[in-house]
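Below, each chain spelled out in residue letters.
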Amino acid sequence: MVITVYGPGCARCYETERVVRNVLAELQHDADLQKVTDYQAMAAAGVMATPAVAVDGVIKLSGRIPKREEVRAWLA
Amino acid sequence: MFAVGLAAAAAWFLVYRSLAGLARWVTYGLAGLAPGTRLASALEFFVYEAPKVLMLLVVVVFGVGIVRSFFTPERTRLVLAGRRESAGNVLAALLGTVTPFCSCSAVPLFIGFVTAGVPLGVTFSFLVSAPMVNEVALVLLLGLLGWKVAALYFVTGLLIAIFAGWTIGRLRLERHVEPWVYQMRGAAATDDDARLTRDDRARAGTDAVRDIVGKVWPWVLAGIAVGAAIHGYVPEQFMAGIMGRGAWWSVPLAVAMGIPMYSNAAGIVPVVQALLGKGAALGTVLAFMMAVIALSLPEIIILRKVLRPPLIATFVGVVGTGILLVGYLFNAIL
């Protein structure tokens with residue numbers, strides 16, 4: 001499983017990455033966490049509002065920080 | 001859920017109504033200051049305005065958070081794609097006021113719009129209105145300067161966004177967009193907000209309060225503190241000579257000073273209010289405020305990733321001109 005966090009480096013983007021990382025650690029999940037800061041790559045993935053999170057290439061959320069429960073639900 | 005909401009609304013209203021009395025009590029009772037002194041005037045201003053503005057902010061941001069859960073950037077793009085100019089500019093400026101937007105996502109949003117067939121000028125109408133006409137600015141104007149000024153700001157902000165986008169569209173500047181943008185094919189984005197329940201939308205409201213009010217409250221307090229100091233210590237009519245109606249050069253100067261400055265509406269409106277009270281002209285201070293919020297150096301630097309310098313210069317020039325006209329117009333008619 002690959003989780004991608006899209007964000008050019010704003011505070012909300014770091015927060016998003018932190019939430020996902022914490023949930024992964026808590027569940028001891030072995031998903032691969034990637035961070036994409038390049039605008040071209042973001043646009044290619046169809047992201048229009050940051051932060052955004054994709055799981056295995058499917059965008060799950062954009063424009064806000066995910067809740068821990070949401071991240072848990074994606075991983076299940 | 002409903003009963004809790006009703007009780008909260010009643011409590012809010014009661015506290016809000018008693019703020020003026022509370023501020024008097026704190027200033028003259030608790031602090032024991034003599035009426036008419038500078039310190040008393042500054043303190044009463046702060047103790048009254050700070051909770052008032054924060055309380056208004058909570059209510060409006062909650063409401064706007066709910067409204068915004070109906071308008072995702074994806075849906076806005078769908079509405080604007082393939083629109084003709086003119087009508088498209090008007091629609092884009094209006095949607096810019098309700099679509100969630102943060103200047104850090106200006107670039108992905110820009111790419112998403114133009115690759116989906118939203119005309120360049122229509123995209124710019126959105127990009128001008130989204131940061132400039134927002135709920136935080138309107139609440140602060142409403143709370144500190146009254147509904148007339150707030151309405152004036154709302155309408156002229158929209159007009160500038162429409163005019164700027166339309167002009168950029170007419171100038172045919174597509175060649176000054178970085179070429180790789182048009183070579184991209186936007187992937188299909190998911191619409192994850194399609195099936196929200198009523199509870200989800202209420203949560204969107206409380207999330208917005210936590211997110212936005214949580215972020216701007218220090219700015220509000222700092223702005224009101226500066227405003228309070230100006231209110232208490234700067235002599236009446238002090239600003240009349242510098243930012244008054246008679247000084248023709250004050251509007252361009254205010255715009256030129258506002259562009260590189262970066263603050264948000266929460267920090268700038270209390271200062272604007274205090275300047276007005278000291279004889280500054282409304283058109284001049286509105287122009288200053290618009291320039292600070294709508295044109296900021298960080299956003300210009302971010303947009304450089306997708307726009308070439310001639311297009312950036314045109315964008316700043318056209319929006320700046322619009323703001324200038326608004327400033328002169330208000331100084332002339334009010």
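Model, not experiment: these values are computed from the prediction. (Residues numbered from 1 in each chain as written. Chains lettered and ligands numbered in written order. Predicted model: local features only at pLDDT ≥ 70, side-chain atom pairs only at ≥ 80, totals over all residues.)

**Q** Even after reading the chapter, I still don't get the overall build of chain B, so can you show me in this structure?
**A** The helix and strand tally for chain B stands at 17 helices and zero strands. Here the C-alpha radius of gyration of chain B, 21 Å, is about what a compact globule of 334 residues would show, namely 20 Å. Principal axes of the C-alpha set define a box for chain B whose edges measure 70 × 55 × 30 Å. A separation threshold of at least 6 residues defines the contact pool for chain B, and within that pool the share at least 24 residues apart is 87%. (Helix = DSSP H or I, 4+ residues; strand = E, 2+ residues; numbered from the N terminus. Rg over C-alpha atoms; globule rule 2.2 N^0.38 Å. Contact = placed C-beta atoms within 7 Å.)

**Q** Honestly, helix α13 (residues 250-258) of chain B in this entry has me stumped. Any pointers?
**A** Helical periodicity: at 3.6 residues per turn, an α-helix aligns residues three or four positions apart in one direction. Residues and elements named next belong to chain B. Within the sequence span of α13, burial applies to Ser 250, Val 251, Ala 254, Val 255 and Gly 258. Mapping the buried residues of α13 onto a view down its axis gives an arc of 135°, with all of them on the same face. Check the buried side of α13 and you find it contacts α12 (240-243), α15 (282-294) and α17 (309-333). (Buried ≥ 20, exposed ≤ 12 C-beta atoms within 10 Å, placed from the backbone. Arc of directions from axis to C-beta.)

**Q** Please clarify how the interface of chain A and chain B should be interpreted in this entry.
**A** By a widespread convention, an interface's size corresponds to the accessible area lost as its parts come together. Chain A puts 18 residues into the contact, and the matching count from chain B is 21 residues. With six residues, helix α2 (residues 39-45) of chain A is the single largest residue contributor to the side of chain A that touches chain B. Tallied by class, the residues present in the side of chain A that touches chain B amount to 13 nonpolar, four polar and one charged. (Nonpolar A, V, L, I, M, F, W, Y, C, P; charged D, E, K, R; others polar.)

**Q** What's the story with helix α8 (residues 135-145) of chain B in this structure? I'm lost.
**A** All names here are of chain B. The element α8 is extensively covered by neighbouring structure, given that 11 of its 11 residues are classed as buried. Turning to α8, its buried residues are Glu 135, Val 136, Ala 137, Leu 138, Val 139, Leu 140, Leu 141, Leu 142, Gly 143, Leu 144 and Leu 145. Of the surrounding secondary structure, the elements contacted by the buried residues of α8 are α3 (38-68), α9 (147-170), α11 (198-233), α14 (265-277) and α15. Gly 146 occupies a position one or two residues after α8 and carries a positive phi of about 95°.

**Q** Explanation requested: the sheet that holds strand β2 (residues 32-36) of chain A in the structure shown.
**A** By definition, the strands of a sheet pair up through backbone hydrogen bonds, in either a parallel or an antiparallel sense. Residue and element names in this part refer to chain A. Spatially, β2-β1-β3-β4 is the arrangement adopted by the four strands of the open sheet, whose pairing is mixed. Edge strands, defined here as strands with exactly one partner in the open sheet, are β2 and β4 (58-62). Recorded for the sheet is a direction-independent mean angle of 20° between the axes of neighbouring strands. Both strand β1 (residues 2-6) and β2 contribute to a ladder of five bridges, which runs parallel. By the bridge assignment, Ile 3 is partnered in β2 with Leu 33. The strands touched by helix α1 (residues 11-27) are β1, β2 and β3 (52-55); relative to β1, the strand with the most contacts, the crossing angle is about 160°. (Pairing = 2+ DSSP bridges. Axes fitted to C-alpha atoms, helices over the stretch in contact; angles between N-to-C directions.)

**Q** In this structure, what is going on with the packing of helix α2 (residues 19-30) of chain B against α3 of chain B? I would like to understand it.
**A** All names here are of chain B. Across the interface, α2 lies against α3 with an axial gap of 9 Å and an inter-helix angle of 145°. Along this stretch, α2 crosses α3, giving a crossing that reads as right-handed. Of the residues in α3, those in contact with Leu 19, Ala 20, Ala 23, Arg 24, Val 26 and Thr 27 of α2 are Ala 40, Leu 43, Glu 44, Val 47, Tyr 48, Pro 51 and Lys 52. Per-class residue counts for the contact of α2 with α3 are nine nonpolar, one polar and three charged. (Left-handed = near helix turned anticlockwise from the far one by under 90°.)

In short, shape yes, function no, at least from these values alone.
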